[in-house]
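As a plain string of letters, each chain reads:
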Amino acid sequence: RRDNGYLVCHTCGYRTKVPEKCPECSKEHFAFMGCGTQRAEDDIVSALPSLRVLRMDYDTTQTKYSHEEILSKFREGEADVLLGTQMVTKGHDFPHVATVGVLAADASFTVDDYRAGERTFAMLTQVIGRAGRADVKGCAVIQTHDPQSDIINMAAKQDYARFYEGEIKLRRTMCFPPFCDIAVITLSSEDEGYLGLVTTRMYERIIEHTKTQFTDVPIVLYGPFEAPVYKVQNMCRMRFVIKCRLNKRTRLFISELMTDFSGKYAENRRNKQKISVSVDLNPSTV
């Protein structure tokens, strides 16, 4: 994002001044592109300068009580437009709001997560519910590149029953929760080579365990593969995703993996590089 002359990474917080010249080609001309809330605010102010706009996102809610202050100002009529990320859709009651809009409603479909459809449906139904409360007639405008999307159309019609029927059928067919449990194992290290070595060893150990003392633990193994954001603050990350049914034996299987690889392989004695191993059971995102 842009922040008062700085470029800031949302993932790790790294900040650097906007360079005067491109470090690769030495050109001086930059085009700041994107479709986030900051860009949307610029476009609204440019097109409709008479509107008072409040922006509520990660950048504007870093100080104490900032959430409450922004919501209070909007509720008291000190702004005409409340612009923000999904945090503005959840649980707020604005009786005088007549119109709500959603930008890029299908953006979450590109996320590699089996809950993408559910999250999109929930977000749209929540934001639609923000308009037309009290005696004000409501209107919702949804912007999308895929107006034929079944999920977007069902959300627009508030048709939860039909969405549930389709979603539960898909999850049963693909064996996703609630028809299984998911364990995500993440290995992290600054030493990329050592990370690759330990990841390979863990893969071999998982296969070995399923063929020996844990033959009674049925799993479906995916990976190893790079984490969606592979490198954060010089830490490289690899993952395994395991579909299973969490019970006493499965938990023992995972516990033995964690104990082994958090101990024996925790440190590369040759160059003192360390590796960390973590497991997330039924994570909110995969």
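Data block above holds the structure.
Residues numbered from 1 in each chain as written. Predicted model: local features only at pLDDT ≥ 70, side-chain atom pairs only at ≥ 80, totals over all residues. Heavy atoms only, no water.

Chemist: What should I look at first to understand the packing of aromatic side chains in this one?
Modeler: Any pair of aromatic rings gets described here by the distance separating the centres and the angle formed by the planes. Within this structure, the stated rule accounts for 6 aromatic pairs. Residues F121 and Y160 carry aromatic rings whose centres are separated by 6.3 Å and whose planes lie at 50° to one another, so their mutual orientation is tilted. Taken together, the residues span a long stretch of sequence, with F121 in helix 3 (residues 116–128) and Y160 in helix 5 (residues 160–174) at a distance of 39 residues. Owing to a relative accessible area of 5%, F121 belongs among the buried residues under this scheme. Judged by relative accessible area, Y160 falls into the exposed class, the value being 52%. Judged by centre distance (5.3 Å) and plane angle (65°), the ring pair of F214 and F253 falls under edge-to-face. Taken as a pair, F214 in the loop between helix 6 (192–211) and strand 9 (220–232) and F253 in helix 7 (residues 248–263) lie far apart in primary sequence, 39 residues in all. Pair check on accessibility: F214 and F253 agree, each one buried. Among the aromatic residues, ring-to-ring pairing joins F121, Y160, F163 and Y164 into one connected group. The lysine or arginine in question, K243, covers the ring of F176, its NZ or CZ lying 3.9 Å from the ring centre. (Phe/Tyr/Trp six-rings, centres within 6.5 Å; stacked < 30°, edge-to-face > 60°. Helix = DSSP H or I, 4+ residues; strand = E, 2+ residues; numbered from the N terminus. Buried < 20%, exposed > 50% of the residue type's maximum accessible area, 1.4 Å probe, protein only. Lys NZ or Arg CZ within 6 Å of the ring centre and 35° of its normal.)

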